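So you can see what is in the structure, the chains are spelled out below.
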Amino acid sequence: QVQLVESGGGSVQAGGSLRLSCAASGSVFIFSINAMGWYRQAPGKLRELVASISSDGTTNYVDSVKDRFTISRDNAKETMYLQMNSLKPEDTAVYYCNIKQRGLVYWGQGTQVTVSS
């Protein structure tokens, strides 16, 4: 089993920055992970994939956050990050960490990000 714990959420003014962290523990095998990513879900909306990073380091972003958000990982610390800059009110959502390993999907509990105008 794999456990994921998100942190770093909070309330900020528009234009501000936050860095989300996702700490993994348990049966994590970095080079057996197919993909890692950040999802978000706002009230009344579907959960959407915001950013992902593959085992070879390839990254992808939803258009609305491209050039503002950066996904990265530190294998030694077993931690994934989402650096969020130039935050907008529409970025307000619960953000979830997700990994796929050997065909199984794991989720964190979510962390709230609120951006005020």
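With that out of the way, let us pick up the overall build of the protein chain. Within the protein chain one finds zero helices and eleven strands. The linear arrangement of helices and strands in the protein chain, starting from the amino end, is β-β-β-β-β-β-β-β-β-β-β. Over its C-alpha trace the protein chain gives a radius of gyration of 14 Å, about what one expects of a compact globule, namely 13 Å for 117 residues. Taken over 117 residues, the protein chain has a buried fraction of 38%. A separation threshold of at least 6 residues defines the contact pool for the protein chain, and within that pool the share at least 24 residues apart is 54%.

Secondary-structure assignment places Gly 15 in the loop between strand S2 (10-13) and strand S3 (18-26). Separated by 100 residues in the primary sequence, Gly 15 and Val 115 place their C-alpha atoms 8.7 Å from one another. Not counting chain neighbours up to four residues away, the residues in contact with Gly 15 comprise Ser 86 and Leu 87.

Applying the stated criterion to the full structure yields four salt bridges. In this structure, the salt-bridge partner of Lys 66 is Asp 63, at a minimum N-O distance of 3.3 Å. For Lys 66, a relative accessible area of 43% corresponds to the partly exposed category. Classification of Asp 63 as exposed rests on a relative accessible area of 63%. Because the salt bridges share partners, they merge into one network encompassing Arg 40, Glu 48, Arg 68 and Asp 91.

Moving on, we get to the sheet that holds strand S7 (residues 69-74). The four strands are arranged S1-S3-S8-S7 in an open sheet whose pairing can be described as antiparallel. With partners counted over all chains shown, the strands left at the sheet margins are strand S1 (2-7) and S7, one partner each. Neighbour-to-neighbour, the strand axes of this sheet turn through a mean angle of 15 degrees, independent of strand direction. Relative to strand S8 (residues 79-84), S7 runs antiparallel, the two being bridged by six bridges. Looking at S8, one finds that Asp 74 is bridged to Thr 79.

Calculation notes
Residues numbered from 1 in each chain as written. Predicted model: local features only at pLDDT ≥ 70, side-chain atom pairs only at ≥ 80, totals over all residues. Heavy atoms only, no water. Helix = DSSP H or I, 4+ residues; strand = E, 2+ residues; numbered from the N terminus. Rg over C-alpha atoms; globule rule 2.2 N^0.38 Å. Buried < 20%, exposed > 50% of the residue type's maximum accessible area, 1.4 Å probe, protein only. Contact = heavy atoms within 4.5 Å. Salt bridge = Lys/Arg side-chain N within 4 Å of Asp/Glu carboxyl O. Pairing = 2+ DSSP bridges. Axes fitted to C-alpha atoms, helices over the stretch in contact; angles between N-to-C directions.

These values are about where atoms sit, not about what they do.
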